[in-house]
Structures are given as structure tokens and as C-alpha cells.
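# A look at the structure
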Amino acid sequence: MKKSLLTPLFILCLQLIAQAQQVEMATDLRSSGKIYIVVAVLCVLFIGLAIYLFTIDKKVSKIEKGIQQK
Amino acid sequence: MISYWWKILGILLLIYGIIAGFLAPVPALPILDETIRILYYHLPMGFAMLSLYIISVVYSIKYLANEKITDDYIAVESVNVGIIFCFLGLASGMIWANFTWGDPWPNDPKLNGSAIATLMYLAYLVLRNALEEEQKRAKISAIYNIFCFPVIIVLMYILPKSTDSLHPGSGGNSGFGDFDMDGNMRMVLYPIAVGWILLGIWMMTLRNRIRKIEMYKALD
């Protein structure tokens with residue numbers, strides 16, 4: 001009786017282990033540290049775009065001020 | 001207190017999102033593999049879109065209440081920016097779907113709902129262009145917007161949840177909270193979502209200010 005209950009559980013556990021091993025994560029990219037280069041490049045690009053957005057914002061403020069003074 | 005602190009906050013949250021989105025641990029799931037990180041960048045598009053549409057409908061109601069034309073400007077610019085976020089969400093989702101579901105456009109209720117929602121808001125913009133008189137245009141489009149908003153909520157957020165959808169949390173699918181046991185993903189996802197919402201609002205205010213300048217120049 002006990003055996004018949006345990007067998008499906010055991011099979012389920014095996015399947016879960018097998019599934020966990022099949023998942024391909026980018027562990028190589030992480031262990032070699034190359035992922036940091038990717039992140040650094042993305043950060044530089046994003047910060048550049050953000051600074052550009054701030055300059056546009058400033059430009060609009062300048063035009064608004066010019067209109068208010070008129 | 002400087003008035004643009006929230007803009008800096010939004011940018012900082014997004015920088016945190018880039019760093020944590022790539023480096024923070026994620027659950028290892030079959031089929032998804034490492035692409036689960038796309039969630040950090042795909043889902044916030046929906047958050048930003050929805051917040052802008054909510055702002056739009058709030059300002060439409062405000063316009064109908066006190067008939068201030070500047071409220072109408074904010075309503076239309078919110079829709080303008082919201083549509084961009086909807087397109088970006090659809091495009092990024094299509095790339096992801098091609099990898100995980102094997103088809104860029106499976107007939108998923110959430111995809112079709114989003115497509116219809118985008119078309120409805122495009123119709124809103126077309127309707128505005130069709131009307132010449134400013135007050136009339138503002139009033140009719142505000143009423144259209146108020147009717148449009150509940151429909152897209154049903155199409156995008158209620159119908160896909162009640163029928164079978166490939167998106168998580170729909171039909172028999174497990175939701176986002178089921179595999180994110182330790183809350184690691186939440187710690188990354190929500191800051192990014194807030195960052196995109198702030199960036200979307202910033203873009204909307206910029207467009208709104210430019211529109212005001214244009215109106216002023218037209219009056220001159």
C-alpha cells in the first residue's frame with residue numbers, strides 16, 4: 001500500500017529534477033562577467049538619452065519664459 | 001524643493017531597472033529560460049499606457065465639468081503618448097511571443113483586445129481632426145473618451161482573465177505571483193513600472209507645453 005503511494009511521488013520528483021536541469025540560463029555570461037559589459041553599455045545609452053531629454057525640457061522652458069515676458 | 005525631482009526619480013528608477021533587470025536572480029522556468037527578464041521591460045509598457053489613459057479620462061471629465069480648454073489639451077496628449085506605449089508593448093510582446101509561444105500573433109484575447117483598444121484610441125484622434133470648432137471638438141472627444149475607457153478596460157483586463165489566454169493569470173494559467181515566491185521579481189518590476197509611468201507623464205507634459213506654445217503662436 002505504502003509503496004503504491006510513494007512510487008508516483010518519486011516519479012514526480014524525478015521529473016521536477018529533470019525539468020530544472022533542462023532550463024538553460026545564461027550562467028556562462030554571468031560567471032565570465034561579460035554581462036556587466038552589456039549592462040554598462042545599456043546604462044550609458046540610457047543616461048545619454050535622459051540627459052538629451054532634460055535639454056529638450058530646458059529648451060521648452062526657455063521658450064515658455066520668452067512668451068510670458070512678451 | 002525643485003520642481004523636476006520626479007523626472008530625476010523616474011530616470012534613476014529606470015537606471016536601477018536596467019541594472020537589476022539583468023543582474024538580479026530570476027526563477028529558472030522551462031521554455032521561458034532567461035527571457036523571463038523581458039517581463040521587466042514588457043509589462044511596464046502596459047502600466048505606463050494605462051496610467052496615461054486614466055489621466056486622459058480624468059481630464060476629459062474635468063473638461064466637461066468646467067470647460068477649460070487646457071484640460072482638453074492634457075487629455076489628448078495623454079492619449080498620444082499612451083498609444084506609443086501600447087504599440088511598444090505590442091511590438092515587444094510579439095518578439096517575446098515568437099520565441100516562447102512560437103508565433104508572433106497567436107489569437108490570444110489579450111493581444112486582440114490590445115489591438116482593438118489601440119484602434120479605438122486612433123479613432124479618437126481621427127475624430128478630433130474631423131471637427132473644426134475648438135469647443136465642439138473638445139466636448140465631443142471628451143465624451144467619446146469617457147465611453148472608450150471602460151471598453152478598453154474590459155477588452156484588455158477583464159475578458160482575457162475570464163477566458164483562456166496565454167498571458168499569465170488568465171484561464172488556467174498560473175499568475176505572476178505563483179512563481180515569484182521570494183518577491184525578487186517584484187522588487188525589480190514595480191520600480192521599473194513607476195519609472196516608466198513617470199517618464200510617460202514627462203513626455204506628456206512636454207507635448208502639452210509645446211501644444212500650448214503652438215496655440216499661443218497661432219493666436220498671435
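### Remarks on the overall build of chain B
- When you go through chain B residue by residue, the secondary structure sums to 7 helices and 0 strands.
- Secondary structure elements of chain B, listed N to C terminal, follow the sequence α-α-α-α-α-α-α.
- Along the first, second and third principal axes, the C-alpha set of chain B runs to 60 × 45 × 25 Å.
- Put simply, chain B has 220 residues, and 34% of those count as buried.
- In chain B, the proportion of contacts linking residues at least 24 apart, taken out of those at least 6 apart, comes to 75%.

### Some points on the overall build of chain A
- When helices and strands are tallied, chain A shows 3 helices and 0 strands.
- Going from the N terminus to the C terminus, chain A shows its helices and strands as α-α-α.
- In chain A, buried positions account for 0% of the 70 residues.

### Side note on helix H5 (residues 134-162) of chain B
All names here are of chain B.
- Relative to the 42 Å expected for 29 residues at 1.5 Å per residue, H5 spans 41 Å between its end C-alpha atoms, a close match to the ideal helical length.
- Approximately 35 degrees is the largest bend angle found in H5, and it occurs at Val154.
- If you check which residues of H5 are buried, you get Ala138, Ser141, Ala142, Asn145, Cys148, Phe149, Ile152, Met156 and Pro160.

### A word on the interface of chain B and chain A
- Tallying the contact residues gives 17 residues for chain B and 21 residues for chain A.
- Listing elements by their share of the side of chain B that touches chain A, those giving two or more residues are helix H1 (5-23) and helix H7 (184-219) of chain B.
- Top contributing element to the side of chain B that touches chain A by residue count: H1(B), with 7 residues.
- Partitioning the side of chain B that touches chain A into residue classes produces 14 nonpolar, no polar and 3 charged.

### A few points about the packing of helix H2 (residues 38-66) of chain B against H7(B)
Residue and element names in this part refer to chain B.
- Running from amino to carboxyl end, H2 crosses H7 at an angle of 45 degrees, the nearest separation of the two axes being 8 Å. Accordingly, the angle class assigned to the pair H2 and H7 is oblique. The hand of the H2/H7 crossing is right-handed. Contact with H2, carried on its side by Leu39, Tyr40, Leu43, Pro44, Met45, Phe47, Ala48, Ser51 and Leu52, involves Val188, Leu189, Ile192, Ala193, Trp196, Ile197, Gly200 and Met204 of H7 and no other residues of that element.
- Taken together, the residues of the contact of H2 with H7 break down into 15 nonpolar, 2 polar and no charged.

### Notes on the confidence of the model for chain B
Residue and element names in this part refer to chain B.
- Of all residues in chain B, 93% have pLDDT values of 70 or greater, and the mean over the chain is 87.
- The secondary-structure element of chain B with the lowest mean pLDDT is helix H6 (residues 176-179), recorded at 62, while H2 shows the highest, at 93.
- The ipTM assigned to the predicted complex is 0.78, against a pTM of 0.84.

### Examining unusual backbone geometry
All names here are of chain B.
- In this model, Glu67 sits at a positive phi of 55 degrees, which is unusual for a non-glycine residue.
- Mapped onto the elements, Glu67 comes out in the loop between H2 and helix H3 (69-100).
- For Glu67, a count of 13 C-beta atoms within 10 Å corresponds to the partly exposed category.

### Some thoughts on the nonpolar core
All names here are of chain B.
- By size, the foremost hydrophobic cluster in this structure holds 46 residues, and its most contacted members are Ala48, Met49, Leu52 and Trp196.
- Elements with a contribution of two residues or more to this core: H1, H2, H3, helix H4 (109-130), H5 and H7.
- For Ala48, the residues in contact, after removing those within four places along its chain, are Phe85, Trp196, Ile197 and Gly200.

### Some thoughts on the confidence of the model for chain A
- Predicted confidence across chain A gives a mean pLDDT of 78, with 69% of residues reaching 70 or more.
- For chain A, helix H1 (residues 2-22) of chain A is the element with the lowest average pLDDT, namely 57, and helix H3 (residues 34-69) of chain A is the one with the highest, namely 92.

### Here's the deal with the environment of B:Tyr121
- Mapped onto the fold, B:Tyr121 is located in helix H4.
- Discounting residues that sit within four places of it in the chain, B:Tyr121 has contacts with B:Val79, B:Gly82, B:Ile83 and B:Cys148.

Scoring rules and cut-offs
- Residues numbered from 1 in each chain as written.
- Chains lettered and ligands numbered in written order.
- Predicted model: local features only at pLDDT ≥ 70, side-chain atom pairs only at ≥ 80, totals over all residues.
- Helix = DSSP H or I, 4+ residues; strand = E, 2+ residues; numbered from the N terminus.
- Buried ≥ 20, exposed ≤ 12 C-beta atoms within 10 Å, placed from the backbone.
- Contact = placed C-beta atoms within 7 Å.
- Expected span 1.5 Å × (residues − 1).
- Bend = angle between axes of the 7 residues up to and from the residue.
- Nonpolar A, V, L, I, M, F, W, Y, C, P; charged D, E, K, R; others polar.
- Axes fitted to C-alpha atoms, helices over the stretch in contact; angles between N-to-C directions.
- Parallel < 35°, antiparallel > 145°, perpendicular 65-115°, else oblique.
- Left-handed = near helix turned anticlockwise from the far one by under 90°.
- pLDDT = per-residue confidence, 0-100.
- Core = buried A, V, L, I, M, F, W, Y, C linked by C-beta atoms within 7 Å.

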